[in-house]
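# Architecture and fold: a report
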Amino acid sequence: MKTLVVYSSRTGNTKMVAEAIFEVMGQNAVIAPVQTAPDPQDFDLVIIGFWVDKGIPDNTARQYMAKISGK
Ligand SMILES: Cc1cc2nc3c(=O)[nH]c(=O)nc-3n(C[C@H](O)[C@H](O)[C@H](O)COP(=O)(O)O)c2cc1C
């Protein structure tokens, strides 16, 4: 199973958690910041972490999540 871990982190906390998740996901996992993340449709499982801005995911994370369907 191909797994993608994507994070949007302003001060590093979300990045740290994403890296910990990535470490236990095995050989078919890829990790990337949201700014350079690959096409989510190429993966079976997509894990996304983001910082919260005004009660919702930050703008870059929301734009990336809009590309995802059927996952
Ligand atoms: C402009 C701004 C708005 C924020 N709005 C919220 C919010 O509405 N709710 C919340 O729980 N945290 C809010 N936060 C806190 C951030 O989501 C929090 O600092 C984030 O978890 C940090 O993650 P990071 O270290 O990966 O950047 C806000 C922070 C900033 C800078």
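Residues numbered from 1 in each chain as written. Predicted model: local features only at pLDDT ≥ 70, side-chain atom pairs only at ≥ 80, totals over all residues.

## Thoughts on the sheet that holds strand 1 (residues 3-8)
One open sheet accounts for 3 strands, arranged 2-1-3; its pairing is parallel. The open sheet has two edge strands, strand 2 (29-33) and strand 3 (45-50), and neither has a second partner. Across the sheet, the mean angle separating the axes of adjacent strands is 15 degrees when strand polarity is ignored. Across 5 bridges, strand 1 lies against strand 2 in parallel orientation. If you follow tyrosine 7 over to strand 2, its bridge partner there is proline 33. (Pairing = 2+ DSSP bridges. Helix = DSSP H or I, 4+ residues; strand = E, 2+ residues; numbered from the N terminus. Axes fitted to C-alpha atoms, helices over the stretch in contact; angles between N-to-C directions.)

## Side note on the site of the ligand
As a matter of local geometry, the ligand sits amid Ser9, Arg10, Thr11, Gly12, Asn13, Thr14, Lys15, Trp51, Val52, Asp53, Lys54 and Gly55. Per element, the largest residue contribution to the shell around the ligand is 3 residues, and it comes from helix 1 (residues 13-24). Here the shell around the ligand is built from residues that sort into 2 nonpolar, 6 polar and 4 charged. (Near = placed C-beta within 6 Å. Nonpolar A, V, L, I, M, F, W, Y, C, P; charged D, E, K, R; others polar.)

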